[in-house]
Amino acid sequence: MTTKFTKDHEYIAVTGATGTVGITPYAQEQLGDIVFVELPQVGKVLKQGDEAAVVESVKAASEIYAPVSGTVTEINQRLTGEPGLINADPETDGWIYRISIDNPAELDSLMDSAAYAKITA
């Protein structure tokens, strides 16, 4: 599994041709307590950079953008009743959606963990 990051603080954990997308621990710390998540619809086709979901916290609402182009294949239904999973464990239980990756070359435009760490330091 490879994990890449966007400048907007999304991560995509890639396994084969599927990516699991969520927000980074840094992003959830900045947002504070997450109170609502607007999930994308399964089957929605996204282009890289499209708005895919919205996360609302006690501080603000934040759009979640598609790190790569593809089709939403699964959403994390647990977030409907437990949006705080993003605060508790954004990279495991708090993932937002899964996407089938149309163009794996788009992953090359994203940051690796070392580059992402530099922008959040």
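Since this is a predicted model, take the numbers as computed values, not measurements.

> Explain the overall build of the protein chain to me, please; I cannot follow it from the model alone.
Summing up its helical and strand segments, the protein chain has four helices and nine strands in all. Along the protein chain, helices (α) and strands (β) appear in the sequence β-β-β-α-β-β-β-β-β-α-α-β-α when read from the amino end. By its C-alpha atoms, the protein chain is 35 × 35 × 20 Å across when sized along the principal axes. Within the protein chain, the fraction of its 121 residues that count as buried is 45%. In the protein chain, the proportion of contacts linking residues at least 24 apart, taken out of those at least 6 apart, comes to 58%. Carbon and sulfur atoms form 49% of the exposed surface of the protein chain, whose accessible area is close to 6100 Å². Distance between charge centroids for the protein chain: 4 Å, based on 8 positive and 18 negative side chains.

> Teacher, can you tell me more about the side chain of Ser 69 here?
Relative to the assigned elements, Ser 69 resides in the loop between β7 (61-65) and β8 (70-75). Classification of Ser 69 by relative accessible area gives buried; the value is 7%.

> When you look at the sheet that holds strand β4 (residues 34-38) in this model, what are you seeing that I'm missing?
Consider a sheet: its strands pair through backbone hydrogen bonds, and that pairing is either parallel or antiparallel. With respect to topology, three strands assemble into an open sheet ordered β4-β6-β7, the strand pairing being antiparallel. Of all strands in the sheet, those with a lone pairing partner are β4 and β7, marking the two edges. Between one strand axis and the next, the sheet turns by 25 degrees as a mean value, whatever way the strands run. Where strand β6 (residues 51-57) meets β7, five bridges bridge the pair, whose relative direction is antiparallel. Bridging across to β7, Glu 56 finds its partner in Ala 61.

Rules of the game
Residues numbered from 1 in each chain as written. Predicted model: local features only at pLDDT ≥ 70, side-chain atom pairs only at ≥ 80, totals over all residues. Heavy atoms only, no water. Helix = DSSP H or I, 4+ residues; strand = E, 2+ residues; numbered from the N terminus. Buried < 20%, exposed > 50% of the residue type's maximum accessible area, 1.4 Å probe, protein only. Contact = heavy atoms within 4.5 Å. Areas by Shrake-Rupley, 256 points an atom, 1.4 Å probe, with all protein chains shown as cover. Lys, Arg positive; Asp, Glu negative; His and termini not counted. Charge placed at Lys NZ, Arg CZ, Asp CG, Glu CD. Pairing = 2+ DSSP bridges. Axes fitted to C-alpha atoms, helices over the stretch in contact; angles between N-to-C directions.

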